[in-house]
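# Understanding the architecture of this molecule
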Amino acid sequence: MVDLGTSDEISPPRDGRRHALLYHVVLCLASIAMLYPLLWMLASSFKPDSDIFGDASLWPRHFSLAAYWRGWSGLQVTFGKFFLNSLVVSLCSVVGNVMSCSLAAYAFARLKFRGQKFWFALMLGTLMLPYHVTLIPQYILFLNLDWVDTFLPLIVPKFLAVDAFFIFLLVQFFRSIPRELDEAAMIDGCGPWRIYWIVILPLSIPALATAAIFTFIWTWDDFFGPLIYLNDMNSYTVQLGLRSFVDSTGKSDWGALFAMSTLTLLPLFVFFLFFQRLLIDGIATMG
Amino acid sequence: MADTLIDAPASRQALAAAHAPETSWRESATGYLFLAPWLIGFFGLTLGPALVSLYLSFTDYDLLSNPRWVGAANYVRIATSDPKFSAAMHVTFLYVVLSVPLKLAFALLVAMMLNRGLRGLPLYRAIFYLPSLIGASVAVSVLWRQVFAGDGLLNQALKLVGIHGPSWISNPDTALYTLVALAVWQFGSPMIIFLAGLRQIPKDVYEAAEIDGASRSQQFWRITLPLLTPVLFFNVVVQTIDAFKAFTPAFIISGGTGGPIDATLFYTLYLYQEAFAYFRMGYASALAWVLVVIIAVFTALSFLSSRYWVHYDG
């Protein structure tokens, strides 16, 4: 629908200098307003508890890491365990999604087989289906398989390409790779598997990276899945750990709560800093 | 060797014909092999469960005893005598109707400002996009709860100008608006899509309009908005469906209850409570199918109406 119109070249200003200045002032104020809560949370996580309330400043008067220590082991299980769990679930999901979705996308974009159009239409149809209709039977299925309180209900669906959205993204990308490359490889004696592995995948690194990063972020952020499938605190992901922490501290220890909140956002910030371009181009192509 | 190849086009064709069914069978097999993970997922985790949940929606099922067929009773109860369902519908529709237009208005406004060829575009774009990226986290909902609490950040700021604000979160009249604000705060991803759309509009259209003496607002209503309608359409559909499915912020801010007095009882939160707090799996399945119908009707209406307001010829 929309081409990647996100290059950073600056078109000649159609407004005068004064207008530009006005826009900068408005945009700067808006940026500050939007980021203020986040920066305030970061600052508050370093403030001693007595300083958080009645202090809207972004610079702690007294630096203290105490809130981090309190928060890290504020529950029976430390946040270290939650981070490890989240990391395992997210990384497995990334591997599963990239593998299974790229296989399906290759079949749709490059191979010919009977019923291809039919399956493609069905795949697009699943994009529209809210997950709520599959939720309860899936839960019953995983309960009967004895998978509740393991990571399997969160990971296995990723290996079965349930996120059709990524298949669609990769199909679009694979189609843009020139067919001549496949044909050249075929003349060299490559079958479809080798073409997939040595031609298509290496040329699709940007698309695969986009899929990988979005999978990681969405899995890291996922709250609903872990909420349903993980009951034992030892298997909690960071989102569940944080929620338990809210419940157990209530309003009593905002410092520790902010410290742990900041930590759970940290991986997302790292991705944001390093892969901003891929993320923004990814969003723009989704249109 | 060379001779046989050259003078054998006919036999080659015959050979190809003889092999055609076999190769196409092989090709098909390869295709299905690549598709196998998706097919297993489609039947095992999507189509199968969807059919089972359709069946369950006509039953009473608590996970312990076998499902008991009750006919359309669940749907009848939803339609006629479930005050919680009405409350959830009210809250969810209000949330959709308020958050989607506001979010898209902000997204478009900021995208248009950024499209003026300002310096520092990548930086602004990144800053405005950040909330969309992290917005689904529990951490952000936790922060939101603090910002709008009685002694929270917002009221501290209001105190500076002499206003004594209420506790926005625990007041049933304002609780939903804090969630709307959270949604609007995440206007970054539709903004990026608008920005990509704005860049597709050729500059010379505006130049021609300027020569003809069109004012800024005329240019917006006659050029920008009509040419942007395909992107607007996409954003409306995607954001509305997302808003219907919102869950985490309402869960965290209300502590899982949907309170105060059901003021934040999002539809999905109600569905979650029925299924996983009360284990009324049959009733929850019916709720899920009602949600599908609502989303399907909305999507169908959007597509039907699009011929009257979406311009694809741009």
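Keep in mind the model is a prediction, meaning the values are calculated, not measured.

Broken down by element type, chain B carries 14 helices and 2 strands. For 314 residues, the compact-globule estimate of 2.2 N^0.38 gives 20 Å, and the C-alpha radius of gyration of chain B, at 27 Å, exceeds that figure by more than 25%. Considered along the principal axes of its C-alpha atoms, chain B spans approximately 100 × 75 × 35 Å. Residues classed as buried in chain B amount to 38% of the 314 residues present.

What chain A contains, in helices and strands, is 14 helices and 0 strands. Within the span of chain A, comprising 287 residues, buried residues form 40% of the whole. Once local pairs closer than 6 in sequence are excluded, the contacts in chain A between residues at least 24 apart make up 75%.

Residue and element names in this part refer to chain A. Looking at the assigned domains, one finds that chain A contains domain 1 (17-64) and domain 2 (79-286). Relative placement of domain 1 and domain 2: their C-alpha centres are 33 Å apart. Among the secondary structure elements, those contributing two or more residues to the side of domain 1 that touches domain 2 are α1 (17-45) and α2 (49-52). With 4 residues, α1 is the single largest residue contributor to the side of domain 1 that touches domain 2. Partitioned by chemical class, the residues of the side of domain 1 that touches domain 2 number 3 nonpolar, 2 polar and 2 charged.

Before going further, it helps to examine the interface of chain A and chain B. Taken together, the contact between chain A and chain B spans 79 residues of the former and 76 residues of the latter. Tallying contributions element by element places helix α14 (residues 254-286) of chain A first for the side of chain A that touches chain B, with 12 residues. Looking at the side of chain A that touches chain B residue by residue, the classes come out as 54 nonpolar, 17 polar and 8 charged.

Okay, the nonpolar core next. Taken as a class, soluble globular proteins show a tendency for nonpolar side chains to be buried jointly. If you look at the biggest cluster of nonpolar residues, it comprises 146 residues, and the most contacted ones within it are A104(A), I167(A), L170(A), A211(A) and F194(B). Ranked by residues supplied to this core, first place goes to helix α4 (residues 83-114) of chain B with 12 residues. Looking at this core, you find at least three residues from each of domain 1 (17-64) and domain 2 (79-286) of chain A. Those residues in contact with A104(A), other than ones at most four positions away along the chain, are A161(A), I167(A), F34(B), L35(B), P37(B) and W38(B).

The relative placement of two packed helices is expressed as an angle between their axes plus a distance between the axes. All names here are of chain B. Packing of α4 against helix α9 (residues 188-198) leaves a shortest axis separation of 8 Å and a crossing angle of 45°. In terms of orientation, α4 lies oblique with respect to α9. Classified by chirality, the crossing of α9 by α4 is right-handed. Across the interface between the two elements, K103, L104, A107, L108, V110, A111, M112 and L114 from α4 touch P190, M191, F194, L195 and L198 from α9. For the contact of α4 with α9, the per-class residue count stands at 12 nonpolar, no polar and 1 charged.

With that settled, the discussion passes to unusual backbone geometry. Residue and element names in this part refer to chain B. Non-glycine residue L63 carries a positive phi angle of around 80°. Checked against the element boundaries, L63 lands in the loop between β1 (59-60) and β2 (68-69). Residue class for L63 comes out partly exposed when judged on the 13 C-beta atoms lying within 10 Å of it. Positive phi, normally seen in glycine, also occurs at F279, with a value near 55°. Structurally, F279 is set in the loop between α13 (267-277) and α14 (281-309). Judged by local crowding, F279 falls into the partly exposed class, with 14 C-beta atoms found within 10 Å.

On to the environment of V310(B). Residue and element names in this part refer to chain B. Secondary-structure assignment places V310 in the segment after α14. V310 gets classed as partly exposed once you count the C-beta atoms within 10 Å, which come to 19. Ignoring sequence-local partners within four residues, the contact set of V310 consists of T229, P230 and F233.

Okay, the environment of M123(A) next. All names here are of chain A. Considering the arrangement of structural elements, one finds M123 in helix α5 (residues 116-128). Judged by the 21 C-beta atoms lying within 10 Å of it, M123 is buried. Residues M123 and I198 lie 75 residues apart in sequence; the distance between their C-alpha atoms is 26 Å. In this structure M123 touches A164 and I167, once residues within four positions along its chain are discounted.

Let's shift gears to the confidence of the model for chain A. Per-residue pLDDT for chain A has a mean of 85; in total, 90% of the residues score no lower than 70. For chain A, the element scoring lowest by mean pLDDT is α2(A), at 68; helix α7 (residues 152-159) of chain A scores highest, at 95.

Attention now moves to the confidence of the model for chain B. Detail in the predicted coordinates should be disregarded across regions flagged by low pLDDT. Mean pLDDT over chain B works out to 85, with 92% of the residues at or above the 70 mark. Here residues 1-22 of chain B is modelled with pLDDT under 50, and outside its nearest four sequence neighbours on either side it reaches 0 contacts, counting other chains as well.

About the criteria used
Residues numbered from 1 in each chain as written. Chains lettered and ligands numbered in written order. Predicted model: local features only at pLDDT ≥ 70, side-chain atom pairs only at ≥ 80, totals over all residues. Helix = DSSP H or I, 4+ residues; strand = E, 2+ residues; numbered from the N terminus. Rg over C-alpha atoms; globule rule 2.2 N^0.38 Å. Buried ≥ 20, exposed ≤ 12 C-beta atoms within 10 Å, placed from the backbone. Contact = placed C-beta atoms within 7 Å. Domains from an automatic or database assignment. Nonpolar A, V, L, I, M, F, W, Y, C, P; charged D, E, K, R; others polar. Core = buried A, V, L, I, M, F, W, Y, C linked by C-beta atoms within 7 Å. Axes fitted to C-alpha atoms, helices over the stretch in contact; angles between N-to-C directions. Parallel < 35°, antiparallel > 145°, perpendicular 65-115°, else oblique. Left-handed = near helix turned anticlockwise from the far one by under 90°. pLDDT = per-residue confidence, 0-100.

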